[in-house]
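So you can see what is in the structure, the chains are spelled out below.
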Amino acid sequence: MGNIRLGQWLYALVGVLLLVKTQGIDVGITYVQNAVAKGAVCLDGSPPAYHFDKGFGAGINNWLVHIEGGGWCNNVTTCLARKNTRLGSSKQMATEVVFSGILSSLQKFNPDFYNWNRIKVRYCDGASFTGDVEAVNPTTNLHFRGARVFVAIIEDLLAKGLKNAENAMLSGCSAGGLTSILHCDNFRALVPMGTKVKCLSDAGYFINTKDVSGALHIEGFYNEVVTTHGSAKNLPLSCTSNKRPGLCFFPQNMAQQIRTPLFIVNAAYDSWQIKNILAPGVADPHGIWHNCKLDITKCSSTQIQTMQEFRLAFLSALTGLGTSSSRGMFINSCYAHCQTEMQETWLRADSPVLGGVTIAKAVGDWYYDRSPFQKIDCPYPCDKSCHNRIFDPNEHPLI
Ligand SMILES: *[C@@H]1O[C@H](CO)[C@@H](O)[C@H](O)[C@H]1NC(C)=O
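No experiment lies behind these values; they were computed from the predicted model shown.

### Structural notes on the sheet that holds strand β7 (residues 196-202)
To summarise the sheet geometry, strands pair through backbone hydrogen bonds and adopt either a parallel or an antiparallel arrangement.
Now for step 1: The sheet built from ten strands is open, its strands ordered β4-β1-β2-β5-β3-β6-β7-β8-β9-β12 with mixed pairing. Since the sheet does not close on itself, it has two edges, and those belong to β4 (96-99) and β12 (374-376), each with one partner. Between one strand axis and the next, the sheet turns through 20° on average, direction left out of account.
Now for step 2: Across three bridges, strand β1 (residues 25-31) lies against strand β2 (residues 49-53) in antiparallel orientation. Within β2, the residue paired with Y31 across the bridge is A49.
Now for step 3: Helix α4 (residues 175-182) contacts β3 (62-67), β6 (167-173), β7 and β8 (262-267) of the sheet and is inclined by roughly 140° relative to β6.

Set out below in structure tokens:
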């Protein structure tokens, strides 16, 4: 008896210690098997998947659908390389992921969304859920079906209770943050008329600007993504009706036309954008930017100057969001990428603030119409609340 009690007590203690360490809770995977018949599949033809933590208490009819990120694949070579990884196949995905930050179920870590139904949609199409090519090449067996996956997942969630939602928010980080802009109005249209719907994009405001060699690297890359995945017909029509489809992957060219309220959380020196848009490997053959990209404190004064110009280009692109009062923005001057999923940047005693307000509070106040939030930070290095990323030289994925 005593031993059993001790055992239970130790078990609980280990649970608490794990929770303290990760500041989150593991949530199991759900495979959307019935999506396969609709041709809504991952790159390798496997069923799409999500992780779902049920809402409770007053949050039982509130739904947060959060989209995972992970870059894009732009041609058959890079899509084949992705196909048998977790970003291309549900057979390769971890069966549990940690829910923290905006996905946390603990009130003190996530006061406005903790009791909502919280879903993390796994990213496995390589084009921010925009692709739709009917043909499957028998040699590569690559399926470009992201747009179908998006619809199939929302339909599955509607059947699980999203159809009764009072409140709903589409969110996502990085390539998933771009999804939440691109698909914001589609999401609005898929859920019931009476549901209050807003969208949040974290680190999804990728800008079209020249790299350090003067080339339009990201523009060419997005063009290839859109062509390879047959995305054009699934991008906002208000943009594709007057611009090349590849350009409609950039929020600056289509965000203004999104009718649903939209909040942008983005670092002005977004670390992914600095590494892959401003100074991608191909534009820096001698690796002059290598150490600076790993750690902003290692940048030379010339490099900081170049990054200040990048910030100005970012702020100029941000005007593409429009001036509607339904827009929210939290643009801090950090070297960061994705600040809503991690507890340390979403809400903690030392997490980033703008005007004294954390990201969690800014987003919560905006969603619930308690107060608008549209703030842009002073230039680096003025913000002392940043959690600037420092990357391990052995693992820094570059496109
Ligand atoms: C595919 O894209 C990658 C990354 O941009 C590039 O390095 C590679 O040359 C491309 N391959 C083909 C076959 O176009």
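### Description of the pairing of β8
Now for step 1: The buried fraction of β8 amounts to six of the six residues, a majority that puts the element mostly inside the structure.
Now for step 2: Covered by surrounding structure in β8 are L262, I264 and N266 together with F263, V265 and A267, the residues of both alternating faces.
Now for step 3: Alignment of β7 against β8, held across four bridges, turns out to be parallel. Pairing of D202 across the sheet is with V265, part of β8.

### Points about unusual backbone geometry
Now for step 1: Going from Y380 to P381, the amide bond is cis rather than trans, its omega being 5°.
Now for step 2: As for its placement among the helices and strands, P381 is situated in the segment after β12.
Now for step 3: Even without being a glycine, A203 presents a positive backbone phi close to 55°.
Now for step 4: Within the secondary structure, A203 is located in the loop between β7 and α6 (217-229).
Now for step 5: On the basis of neighbour counts, which here come to 27 C-beta atoms within 10 Å, the residue A203 falls in the buried class.

### What to know about the site of the ligand
Now for step 1: Neighbouring residues of the ligand: N74, N75, T77, T78 and F221.
Now for step 2: Residue composition of the shell around the ligand, grouped by class: one nonpolar, four polar and no charged.

### Here's the deal with the environment of C338
Now for step 1: The topology assignment puts C338 in the loop between β9 (328-332) and α12 (343-346).
Now for step 2: Separated by 66 residues in the primary sequence, C338 and W272 place their C-alpha atoms 9.4 Å from one another.

### A closer look at the nonpolar core
Now for step 1: Formed by 111 residues in total, the largest nonpolar core has its most connected members in I153 and Y269.
Now for step 2: The biggest single contributor to this core is helix α3 (residues 146-159), with seven residues.
Now for step 3: In this structure I153 touches V32, P48, Y50 and V121, once residues within four positions along its chain are discounted.

### Here we look at the environment of K233
Now for step 1: Mapping K233 onto the fold places it in the loop between α6 and α7 (237-240).
Now for step 2: A sequence separation of 140 residues divides K233 from M93, and the C-alpha atoms of the two residues are 29 Å apart.

### Some points on helix α13 (residues 359-367)
Now for step 1: For α13, the full list of buried residues reads I359, A360, A362, V363, W366 and Y367.
Now for step 2: Where α13 is buried, its residues contact β6, β7, β8, β9, α12 and β11 (357-358).
Now for step 3: Phi turns positive one or two residues past the end of α13, at D369, with a value near 55°.

### A few points about the pairing of β9
Now for step 1: Of all five residues making up β9, five are buried, and the element is well covered by its neighbours.
Now for step 2: Here β9 shows no split at all, with G328, F330 and N332 on one side and M329 and I331 on the other all buried.
Now for step 3: As defined by bridge partners, β8 adjoins β9 across five bridges and the pair is classed as parallel. Paired with I264 across the bridge in β9 is M329.
Now for step 4: Where β9 lies against β12, three bridges are found, and the strand directions are parallel. In the strand pairing of β12, M329 is matched with Q374.

Conventions and cut-offs
- Residues numbered from 1 in each chain as written.
- Predicted model: local features only at pLDDT ≥ 70, side-chain atom pairs only at ≥ 80, totals over all residues.
- Pairing = 2+ DSSP bridges.
- Helix = DSSP H or I, 4+ residues; strand = E, 2+ residues; numbered from the N terminus.
- Axes fitted to C-alpha atoms, helices over the stretch in contact; angles between N-to-C directions.
- Contact = placed C-beta atoms within 7 Å.
- Buried ≥ 20, exposed ≤ 12 C-beta atoms within 10 Å, placed from the backbone.
- Near = placed C-beta within 6 Å.
- Nonpolar A, V, L, I, M, F, W, Y, C, P; charged D, E, K, R; others polar.
- Core = buried A, V, L, I, M, F, W, Y, C linked by C-beta atoms within 7 Å.

No statement about biological role is implied by the geometric values presented.
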